[in-house]
Amino acid sequence: MSGEFLNFILALTIIIVVAKASGYVSIRFGQPSVLGELLAGIVLGPTLLDMVHGWPIFHGDELLGESITLLAEIGVILLMMLAGLELHLNDLAKSGKVSALSGTLGVVLPLVMGFGTAVLFGASNESAVFIGLTLSATSVSISAQTLLELKVLRSRVGLALLGAAVFDDILVILALSLATILIADAGGGLLTIVITVLRMIGYLAAASAIGVFVLPRLVMVVQRLPISQGLIALALVLCLLYAWAAEVIGGMATITGAFLLGLFLARLPAKERIESGIVTMAYGFFVPIFFVNIGLEVNMRAISGTAWWLALVITAVAVFSKIAGCGLGAKLTGFSNREALQLGIGMVSRGEVGLIVASFALIEGLISQESFSIVVFMVIVATLLTPPMLRAAFAAPKETNAARV
């Protein structure tokens with residue numbers, strides 16, 4: 001076997017072991033596993049140990065980093081497919097207007113404030129748009145876990161939080177595709193933009209038609225065939241094809257196609273079987289590589305001088321804009337001040353989608369390495385702040401009642 005292949009499998013072994021160990025430690029400290037995996041990547045990356053480029057055993061292997069990145073990109077595609085599988089659009093009806101308004105304002109306000117802050121610190125308009133998008137994305141997994149521990153997940157605030165997160169995810173992914181189209185073709189004139197938008201509409205129409213009319217029948221046929229893990233293989237092939245077609249045919253991000261397929265698969269009776277198989281593959285191998293690879297590409301030492309001020313300000317803006325945007329949406333639909341605050345705090349944590357947006361922008365050359373490192377710093381801090389803030393927001397009424405007694 002070649003030395004490059006041996007280096008590759010050794011690097012993967014280190015990445016997966018460290019990712020899972022760090023995820024376990026993170027959970028033991030009451031944090032989501034993704035936080036531990038991110039921190040593991042930062043430790044292994046150029047910020048500290050610089051595994052890929054600095055360790056003698058991997059020295060001179062130019063293909064190692066690229067090979068890990070390719071596996072990481074498959075991980076992000078599978079992750080977005082699973083995000084689509086997790087969405088139950090019927091849940092939107094349970095929280096109604098509050099979810100729609102809170103989710104929308106929780107995207108718009110962080111996007112505008114993030115864009116403005118980045119521009120004030122000298123970022124280009126293109127970079128500022130994607131920095132704003134990373135601030136718009138929400139990961140409510142940690143908030144949901146916290147609310148579950150507090151036994152308030154099925155409360156009015158908890159249901160509104162879950163519904164708002166659905167709107168948030170969909171709007172951010174659509175905004176990512178639109179921003180990619182407009183920025184990528186900014187120099188092509190109006191005709192080019194119109195053609196690109198028509199390509200997107202054509203792809204969405206064709207993908208939806210296949211997802212609604214062809215996919216259910218195809219799944220039924222494959223389930224009856226004597227093929228080992230045929231259903232899982234079909235889901236994986238369709239995920240890759242939807243992702244490929246999204247960019248090649250629709251001119252959108254590959255993750256949009258994967259997300260769209262997940263939404264269609266979520267409607268099928270075989271959804272649980274598909275999800276179980278893809279979860280095993282994704283979280284057992286590809287997704288940990290994706291999160292660790294983010295850290296491998298981040299160099300916190302690249303944040304220097306005034307950039308640290310930008311990192312701190314962006315983090316403050318990320319926290320404030322989510323609380324203000326989502327809280328205002330809740331308040332306008334009849335929630336009390338305390339309920340609006342609780343909902344806003346619950347939407348503060350950032351995670352997978354924000355990191356996906358940042359990784360995409362970095363690969364496309366739309367943000368700098370320094371800006372990417374700043375975004376990862378913001379995600380880590382916002383994720384760490386959410387559980388104690390949320391617990392305090394829900395504990396306050398009890399303390400008040402106790403004081404009155």
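Counting restarts for each chain: residues are numbered from 1 in the order of the written sequence. Reporting in this predicted model follows two pLDDT cut-offs: at least 70 for local features of residues, and 80 or more for side-chain atom pairs to be given and counted; totals over whole chains, interfaces and linings ignore these cut-offs and use all residues. Hydrogens are left out, water is left out, and the side-chain values use all remaining heavy atoms of the structure.

**Digging into the nonpolar core**
Then step 1. We call a set of buried Ala, Val, Leu, Ile, Met, Phe, Trp, Tyr and Cys residues a nonpolar core when their side-chain atoms join them within 4.5 Å. Each residue gets one of three labels from its accessible area relative to the maximum for its type: buried under 20%, exposed over 50%, partly exposed in between, using a 1.4 Å probe on protein chains only. Core analysis: the biggest nonpolar cluster contains 106 residues, and Met81, Phe130, Leu265, Ile294 and Val376 have the highest contact counts within it.
Then step 2. Each helix is a run of DSSP H or I of at least 4 residues and each strand a run of E of at least 2, with the numbering of both proceeding from the N terminus. With 12 residues, the single largest contributor to this core is helix 4 (residues 62-86).
Then step 3. Among all residues touching Met81, those that are not within four sequence positions of it are Ala235, Cys239, Ala258, Phe259, Leu261, Gly262, Leu265, Ile274 and Ile278.
Then step 4. Counting residues in each nonpolar core, the second largest holds 22 residues, with Leu153, Ala164, Cys326 and Val348 among its members. Should any heavy atoms of two residues lie within 4.5 Å, those residues are counted as being in contact.

**With respect to the packing of helix 1 (residues 3-28) against helix 4**
Then step 1. One way to put it is that helix 1 packs onto helix 4 with a least axis distance of 10 Å and a crossing angle of 55 degrees. One element, helix 1, and the other, helix 4, form an angle in the oblique class. Judged by the sense of rotation from one axis to the other, the crossing of helix 1 with helix 4 is right-handed. Between helix 1 and helix 4, the contacting residues are Asn7, Phe8, Ala11, Leu12 and Ile15 on the first element and Leu64, Ser67, Ile68 and Leu71 on the second.
Then step 2. All residues other than Ala, Val, Leu, Ile, Met, Phe, Trp, Tyr, Cys, Pro, Asp, Glu, Lys and Arg, Gly among them, are scored as polar; the first ten of these are nonpolar and the last four charged. Among the residues making up the contact of helix 1 with helix 4, the classes are represented as 7 nonpolar, 2 polar and no charged. Angular values range over 0 to 180 degrees, each being the angle between N-to-C directions of two axes fitted as lines to C-alpha atoms, with helices fitted over their stretch in contact. Angle categories: roughly parallel below 35 degrees, roughly antiparallel above 145, roughly perpendicular from 65 to 115, and oblique for all the rest. When the near helix sits turned anticlockwise from the far one by under a right angle, the crossing is termed left-handed; a clockwise turn instead gives a right-handed crossing.

**Examining helix 14 (residues 337-346)**
Then step 1. Most of helix 14 sits out of view: 7 of its 10 residues are buried.
Then step 2. For helix 14, the set of buried residues is Glu339, Ala340, Gln342, Leu343, Gly344, Ile345 and Gly346.

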